[in-house]
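Coordinate inspection notes
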Amino acid sequence: MDTANLADIKEAQEMGILDGVTTNPSLMAKEGITGKDNVMRHYKQICEIVQGDVSAEVISTTYDEMIKEGEELADIDENIVVKVPMSGDSIKAIKYFSEKGIRTNCTLVFSAGQALLAAKAGATYVSPFVGRLDDISTDGMALIEQIVNIYTNYGYTTEVLAASVRHPMHVIQCAEIGADVMTAPLGVIKMLLNHPLTDSGLAKFLADHAKVEKK
Ligand code: E4P
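Residues numbered from 1 in each chain as written. Predicted model: local features only at pLDDT ≥ 70, side-chain atom pairs only at ≥ 80, totals over all residues. Heavy atoms only, no water.

If you look the chain up in an unreviewed UniProt entry, it shows as Fructose-6-phosphate aldolase from Spirosoma telluris.

Focus on the packing of helix α8 (residues 140-154) against helix α9 (residues 168-177)
To keep things clear, this is the line we draw: Geometry is summarised by axes, namely lines fitted to C-alpha atoms with helices restricted to the contacting stretch, and by angles between N-to-C directions that run from 0 to 180 degrees. The numbering of helices and of strands both runs from the N terminus, where a helix is a DSSP run of H or I of at least 4 residues and a strand a run of E of at least 2. By definition in this entry, angles of less than 35 degrees are roughly parallel, angles greater than 145 are roughly antiparallel, angles of 65 to 115 are roughly perpendicular, and the rest are oblique. Two helices crossing with the near one rotated counterclockwise from the far one by less than a right angle form a left-handed crossing, whereas a clockwise rotation gives a right-handed crossing. Whether two residues are in contact is decided by their heavy atoms: any pair within 4.5 Å suffices. Under the convention adopted here, Pro, Cys and the residues Ala, Val, Leu, Ile, Met, Phe, Trp and Tyr are nonpolar, Asp, Glu, Lys and Arg are charged, and Gly plus all remaining residues are polar.
Direction vectors running N to C along α8 and α9 enclose 20 degrees, while the axes themselves pass 10 Å from each other. In this view, α8 runs roughly parallel relative to α9, as classed from their interaxial angle. You can see that α8 and α9 cross each other, and the crossing is right-handed. Of the residues in α9, those in contact with Met141, Ile144, Glu145 and Val148 of α8 are His170, Gln173, Cys174 and Ile177. Residue classes in the contact of α8 with α9 are distributed as 5 nonpolar, 2 polar and 1 charged.

Describing the site of the ligand
The condition that has to hold: We define proximity as follows: a residue is near a molecule or strand when any one of its heavy atoms falls within 4 Å of that partner. Two N or O atoms count as a polar contact when they lie within 3.5 Å, although within protein this holds only if one can serve as hydrogen donor and the other as acceptor, and sequence-adjacent residues are included solely when both atoms are side-chain atoms. Residue exposure ignores everything except the shown protein chains as possible cover, and the areas themselves are Shrake-Rupley values with a 1.4 Å probe. Only protein atoms enter the calculation, which uses a 1 Å grid: trapped sets of points that fit a 1.4 Å probe without letting it out are cavities, open sets showing protein on both sides within 12 Å along at least five of seven lines are pockets, and any residue with an atom within 4 Å of a point is a lining residue. Criterion for pocket placement: a molecule counts as inside a cavity or pocket if more than half of its atoms are within 2 Å of its grid points.
The full set of residues close to the ligand is Asp2, Thr22, Asn24, Lys83, Phe129, Arg132, Ala163, Ser164 and Arg166. Asn24 is positioned with one of its side-chain polar atoms (N or O) 2.7 Å from an oxygen atom of the ligand. In the environment of the ligand, an oxygen atom lies 2.6 Å from a nitrogen or oxygen atom belonging to the side chain of Ser164. Here the ligand has 340 Å² of accessible area as a free molecule, and 84% of this is covered by the chains. A molecule is said to occupy a pocket when more than half its atoms come within 2 Å of that pocket's grid points, and by this definition the ligand occupies the second largest pocket. Taken together, the residues of the shell around the ligand sort by class into 2 nonpolar, 3 polar and 4 charged.

Have a look at this one:
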């Protein structure tokens, strides 16, 4: 799930459908988490709720700083995945982390070429942003398909993590294409529950049951 909100993470965990959590600096800011200690504590709290990977994004943009910050983040919990924004320094950092056994998520990916470089450097996950591409009249889902094909062609083990997922059709299309992972806010995941025929069908079942009970 794509959030830093502890209540939403607990709700999805209690539904039994949560595999992991992705965060980003905007999502952390939305929860009002400021200051290094609070940020670290918040990631730890997320890791205590979900038994799965938790992407924690670096704020640093230079190689040396990313290494330092990434190692600190990785020390929080064994399920932390260090999330780094696509750049030349990040590719170098991903290579370093992968050689050290620290798992990474290369984020802000908007092209197949970027995804190819992330995989070559040894990223654990690559995060193409579907919704933000759709927002600029570019087919975000086509990029997911392109990356899945490229990784299959060359046997890359980097997992395609479809991000910036905005509605249920994005979720279904990701599943049809075979994205390894999909991250979305709780609201989008809960939309998958809904169908008007389910609602009317249940109303009829309950009404029929009530009629017989009255006799
Ligand atoms: C998650 O990894 C991304 O940071 C997130 O999905 C971006 O979503 P947005 O485009 O809705 O902000």
